[in-house]
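Listed here are the chains, written in short residue letters.
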Amino acid sequence: MKLLSLFALIIISLQNTFADTLESRLDKAITSGLEEKRIVGAVVLVSRDGKLVYNKAHGFSDREAQTPMTTDSLFRLASITKPIVTVAVLKLIDQGKIRIDDSASKWIPGLNKEITIRHLLTHTAGLNYTFFEVQDGPYHTLRVSDGLDKADITLEENIKRIALAPLLFKPGTQWSYSLATDVLGEILTRVEKKDLGAIIEEQVLKPLQMNDSGFFAKDAGKLTAAYVDAKPEPKRMAETERFKFAASEIVYSPGRALDKKAYPSGGAGMVGTPADLLKFFEDLRTGSTLLNKNSHEALTTNQVGTLNVDGPGWGWSLGFKVLTDADEAKSPMGKGSYEWGGVWGHTWWVDPTNKLTVLILTNTAVEGMSGKLPADIKKAVYAD
């Protein structure tokens, strides 16, 4: 018994040491981002084997009003919307309402008939994003919305515009990140004959008790102000903010999250809290209470073979990037980890091997997604 007690004390001591050193490393990484004026505010969560070992808010939710960031702040999610909508699609596949290899034109006649639900889920449909093309490209000419601006159109109208644009390539032959999840959102509305917000509420949010999330900020007072990378410090976004990005620009509208009339963008339109998102990603990490075994496996493993996704060692599942070879990718994460982010300023990853779920939510685009901050936090998490 004494040996068992001693062993238990050693384990507890090691756990405490991990938590203490992890906390100091993360604090340093985030404080550096604030002091160097790369971010305005952030909430970072680290869950290890189901235990929340780091959960802190840093900086300001609203710099000008001097409102501190809190762990229950509400964030515009951008592409963190995608895995949530993807799970709803997979649930309908599990229920037999959709088949993964059906042509998407079954529900949206204007789409190329070669495009299947699988192509849309894997971003191999040949679609695009407006910011990935030059200013006079077809998506710009057709006035396609990327789901981040305050476009005064319906979801149905936006999908019609996407369908009129030429494909980048023959479906299934290449990988290209795109508005495919917005198209899936429109398919969901046509299958279920309901608004996309109601579908997501029913299929994902209510079952996981993600009570603060949706396509509209239920509590405007908790919604963070929005900032964009600038020198000498991040700039508070205007109501229409044009930010140079990729081949052209991202058009942001912070007020979209407060506009009930804004169409629900399945690829970028949701808002949510850190706690809600942790419930979602932890559910995926532990096997999913929402999906059957086959759908969960397909969602969390590479589904695009050897197609180039994001450099060596990476593939794409039915909803996000998947680590296929940690050595090739030069990643500290375990093989089979999956991750992505969002252009409002977020990064997340799930590492099943190390039983880790990490959320980095900032109010600063795009530093929180692709700047120094997420790289520093990843180093801090895997420093042990």
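Before reading on, note that the structure itself is shown above.
For the structure given in this document, a descriptive report is provided here. Everything numeric here is computed off the predicted structure, so don't read it as measured data. (Residues numbered from 1 in each chain as written. Predicted model: local features only at pLDDT ≥ 70, side-chain atom pairs only at ≥ 80, totals over all residues. Heavy atoms only, no water.)

1. Section: the overall build of the chain
Scanning the chain for helices and strands turns up twelve helices and 15 strands. The C-alpha atoms of the chain give 21 Å as radius of gyration, which agrees with the globular expectation for 384 residues (21 Å, within 12%). Along the first, second and third principal axes, the C-alpha set of the chain runs to 70 × 50 × 40 Å. A total of 384 residues make up the chain; the buried ones form 58% of that total. Relative to all contacts within the chain whose residues are 6 or more apart in sequence, the contacts with residues 24 or more apart total 63%. (Helix = DSSP H or I, 4+ residues; strand = E, 2+ residues; numbered from the N terminus. Rg over C-alpha atoms; globule rule 2.2 N^0.38 Å. Buried < 20%, exposed > 50% of the residue type's maximum accessible area, 1.4 Å probe, protein only. Contact = heavy atoms within 4.5 Å.)

2. Some points on the pairing of strand E12 (residues 338-342)
The buried fraction of E12 amounts to five of the five residues, a majority that puts the element mostly inside the structure. Of the two faces of E12, the one lined by Tyr338, Trp340 and Gly342 and the one lined by Glu339 and Gly341 are each fully buried. Alignment of strand E11 (residues 321-323) against E12, held across two bridges, turns out to be antiparallel. In the strand pairing of E12, Lys321 is matched with Glu339. Two elements, E12 and strand E13 (residues 346-351), share five bridges in a ladder whose sense is antiparallel. (Pairing = 2+ DSSP bridges.)

3. Digging into the packing of helix H2 (residues 81-94) against helix H7 (residues 196-205)
Running from N to C, H2 and H7 point in directions that differ by 80°, and their axes come no closer than 9 Å. Between H2 and H7, the interaxial angle falls into the category roughly perpendicular. Of H7, the residues touching H2 (which contributes Ile84, Val85, Val87, Ala88, Lys91 and Leu92) are Ile200, Gln203 and Val204. A class-by-class count of the residues in the contact of H2 with H7 yields seven nonpolar, one polar and one charged. (Axes fitted to C-alpha atoms, helices over the stretch in contact; angles between N-to-C directions. Parallel < 35°, antiparallel > 145°, perpendicular 65-115°, else oblique. Nonpolar A, V, L, I, M, F, W, Y, C, P; charged D, E, K, R; others polar.)

4. A short note on the sheet that holds strand E5 (residues 227-228)
Taken in spatial order, the three strands make up an open sheet running E6-E5-E15, and their pairing is mixed. Edge strands, defined here as strands with exactly one partner in the open sheet, are strand E6 (235-236) and strand E15 (364-365). Pairing analysis gives two bridges linking E5 to E6, with the strands arranged antiparallel. Along E6, the bridge assignment pairs Val228 with Lys235.

5. A short note on the pattern of salt bridges
Applying the stated criterion to the full structure yields 27 salt bridges. Here Asp62 and Arg236 are joined by a salt bridge, their closest N and O atoms 2.9 Å apart. Taken together, the positions of Asp62 in strand E2 (residues 51-62) and Arg236 in strand E6 put the pair 174 residues apart, joining distant regions of the chain. According to the relative accessible area criterion, Arg236 is partly exposed, its value standing at 36%. (Salt bridge = Lys/Arg side-chain N within 4 Å of Asp/Glu carboxyl O.)

6. Some details on unusual backbone geometry
Pro232 follows Lys231 through a cis peptide bond whose omega is 5°. Of the consecutive residues Ala365 and Val366, the connecting peptide bond is found in the cis state with omega at 0°. A positive phi is found at His123, a non-glycine position, where the angle reads about 55°. By the element assignment, His123 lies in the loop between helix H3 (117-122) and helix H4 (138-141). Its identity as a non-glycine residue notwithstanding, Arg143 has a phi of 60°, on the positive side. Its place among the elements puts Arg143 in the loop between H4 and helix H5 (155-164).

Interpretation in functional terms is not warranted from these geometric data alone.
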